[in-house]
Amino acid sequence: MHHSFATVREAVLRRSLLASLALPILIACSPAPQVPEGEVEGEAEPERATGLRESGLAVGQKDMLVSANPHASRIGYRVLERGGTVVDAAIAVQAALTLVEPQSSGIGGGAFILYWDATEQKLYSFDARETAPLAATPDLFIENGEAVPWITAIVGGRSVGVPGVLRGLELAHRRHGKLPWNTLFEDSAQLAADGFEVSPRLAALLAYRFHPGLLELEPAASYFYPGGEALQAGTLLVNKELARSLRYIAREGADYFYRGALAKEIVASVQNSATAPGSLTLQDLADYRVSQRAPLCAPYRDYRLCGMTMPSSGGVAVLQMMRLLEPFDMSRFKPGDPEAIHLFTQASRLAYADRERYAADADFVAVPIEPLISEAYLEQRRALIDPARDMGRVEAGEPHGSLSYADDDSYDLPSTSHMSIVDQYGNALSMTTSIEMAFGSSVMVGGFLLNNQLTDFSRNPEVDGVPAANRVEPGKRPRSSMAPFMVFNNDDSLRALLGAPGGSRIINYVAKSLIAMLDWNLDVQQAVDLPNISNRNDATVLEDGLADPETVNALTDMGHEVKLQDLNSGVHAIELRDGKLYGGADPRREGQALGQ
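Definitions and cut-offs
- Residues numbered from 1 in each chain as written.
- Predicted model: local features only at pLDDT ≥ 70, side-chain atom pairs only at ≥ 80, totals over all residues.
- Heavy atoms only, no water.
- Helix = DSSP H or I, 4+ residues; strand = E, 2+ residues; numbered from the N terminus.
- Buried < 20%, exposed > 50% of the residue type's maximum accessible area, 1.4 Å probe, protein only.
- Contact = heavy atoms within 4.5 Å.
- Disulfide = S-S within 2.5 Å.
- Arc of directions from axis to C-beta.
- Pairing = 2+ DSSP bridges.

Chemist: Looking at this structure, I do not really get the overall build of the protein chain. What am I missing?
Modeler: Along the backbone of the protein chain there are 19 helices and 24 strands. Expressed as a percentage of its 596 residues, the buried residues of the protein chain come to 66%. In the protein chain, once contacts between residues fewer than 6 apart in sequence are set aside, the share between residues at least 24 apart is 74%.

Chemist: What exactly am I supposed to notice about the state of the cysteines here?
Modeler: Two cysteines, two sulfur atoms, one covalent bond between them: this is a disulfide. If you walk through the whole model with that rule in mind, you get one disulfide. There is a disulfide in this structure between Cys297 and Cys306, and the S-S distance comes to 2.1 Å. Here Cys297 and Cys306 share a disulfide; its torsion about the S-S bond, 115 degrees, makes the bridge right-handed.

Chemist: Any chance you could explain the environment of Glu550 here in plain terms?
Modeler: With respect to the helices, strands and loops of the structure, Glu550 is situated in helix 19 (residues 549–557). Of the residues examined, Glu550 reaches a relative accessible area of 63% and is grouped as exposed. On a C-alpha basis, the gap between Glu550 and Pro338 in space is 8.9 Å, while along the polypeptide they are 212 residues apart.

Chemist: Explain helix 16 (residues 375–382) here, please?
Modeler: Helical periodicity: at 3.6 residues per turn, an α-helix aligns residues three or four positions apart in one direction. Listed as buried for helix 16 are Tyr377, Leu378, Arg381 and Arg382. Around the axis of helix 16, the buried residues are gathered within 135 degrees of arc, so they sit on the same side. Opposite the packed face of helix 16, turned more than 90 degrees from it, sit the exposed residues Ala376, Glu379 and Gln380. Residues of helix 16 that are buried sit in contact with helix 13 (313–325), helix 14 (338–358) and helix 15 (369–372).

Chemist: Could you clarify how one ought to interpret the sheet that holds strand 20 (residues 540–543) in this entry?
Modeler: One key point about sheets: their strands pair by backbone hydrogen bonds, in either a parallel or an antiparallel sense. With mixed pairing, three strands are arranged side by side in an open sheet as 19-20-21. Because the sheet does not close on itself, it has two edges, and the strands there are strand 19 (533–534) and strand 21 (562–565). As defined by bridge partners, strand 19 adjoins strand 20 across two bridges and the pair is classed as antiparallel. Looking at strand 20, one finds that Ile533 is bridged to Leu542.

Remember that the coordinates give geometry; whether it matters functionally is a separate question.
Right, here's the structure in full:
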């Protein structure tokens, strides 16, 4: 049975559960076992779904901002109202997210930034991904000859990479900012000093008690679990340490973080971590550099899709999926059609197989980036798709023919955040930012959490003597699934920008939203509301409680192993159409779209 858009929107407001194929909205309420086989059996995803909040299409003619938390959206939007650019606003949003959404991102993490300069009509990208300390070795996560379990690897100083987001925002601001740097942090600093009400989502994640380090390591344990009890929703949470850090960063610039007093505190916290001390040094922080790489673009129908290049496997994999699907003409299907879901999962299998084999930091290993999205190679891979039968687990292809790598065993965990912004000048920013695991490494310093991004490397540096492309190496950036994207019309005008959190499933969430907007002509809110589908070259996963039994039966008849789970996306997108800006925030999280 299909429901109208109006019916579904009413269902969102009622928090009711629908089983529609057309536009059901996720109501997340039950744990979804979804961990690597053999590890922490029965546990759910680290940053699991925590419920539905009301969300609706925002419309503006001047500007638009969508971020993962109302505090962050309001603080960022005030910057736009003061005449700031998208970069100015992004700095304010990131500062606020560090405080109010500490489980997902923060100044202790890294980011990928796409920036569209309306005056130059040029797209820039900033790779502010973390790097491995210079003392890191390929066997960083090997103990007694075996890789440690990922739930062990994430905790403590060993997993901390050199944070990159502040340097990335600093460089973007130097080139594309308008308001003074020191004016962009005060609202977040004041909120930290005065306190904010703990959101239901943050409270639920703390009550879940998944992250072992968060319960053990100080000062995080006392901050999030005062008296041993998880913070409750509505509690006023004050963070004077973060207020202090943000004000010094505003006054002294990012150098305070990378070379000043805060750098010394960061290094001491990592090296003296009570669990798994790390090797991060002052030299590592001082030497950090943002990489400006050419965006990776490819055609799709009458559009040009642009994302990040390596080490963002997300950019390559999304482009692979879209180009693999293009000849199948997805526009002939309705949203939720089992045939469309089948084709989507087959393209996803092929993209994820290549991702596991080849995705890595191209500054360290040969990665066949252009061959992976070339039509000649994709034509070979497309021939493997049976429109009526699931192909099962597929092996990586050979886009180059001479590269031999072992498949990766890292786990991209879904604790990430995305913001999409368009300013009054026509500039646009699509930025995905992360500390990796929910609450990162649980090492807290200066009022913020440090990332555990080094677990995005392959824990096993080689398999049967064959090296993993994504093995740990000094100064290397770990593979990521983050996939900020922009869409351009055939006249090179900007059509849309989007991205998502969600660990390795980010690739599926972004591809789904692109198909919804470009093939099914759904508005941006309808696109992000659509039920998620995921296949990472394993089972076909549909959102729990929302899959129509007929769809499940149809996919099963095609040979799919179907699983029902929470799929906790957080797609934030903006579409430019008919002279207006449309903003959509994923109701699966706490996001808010603001524009005028």
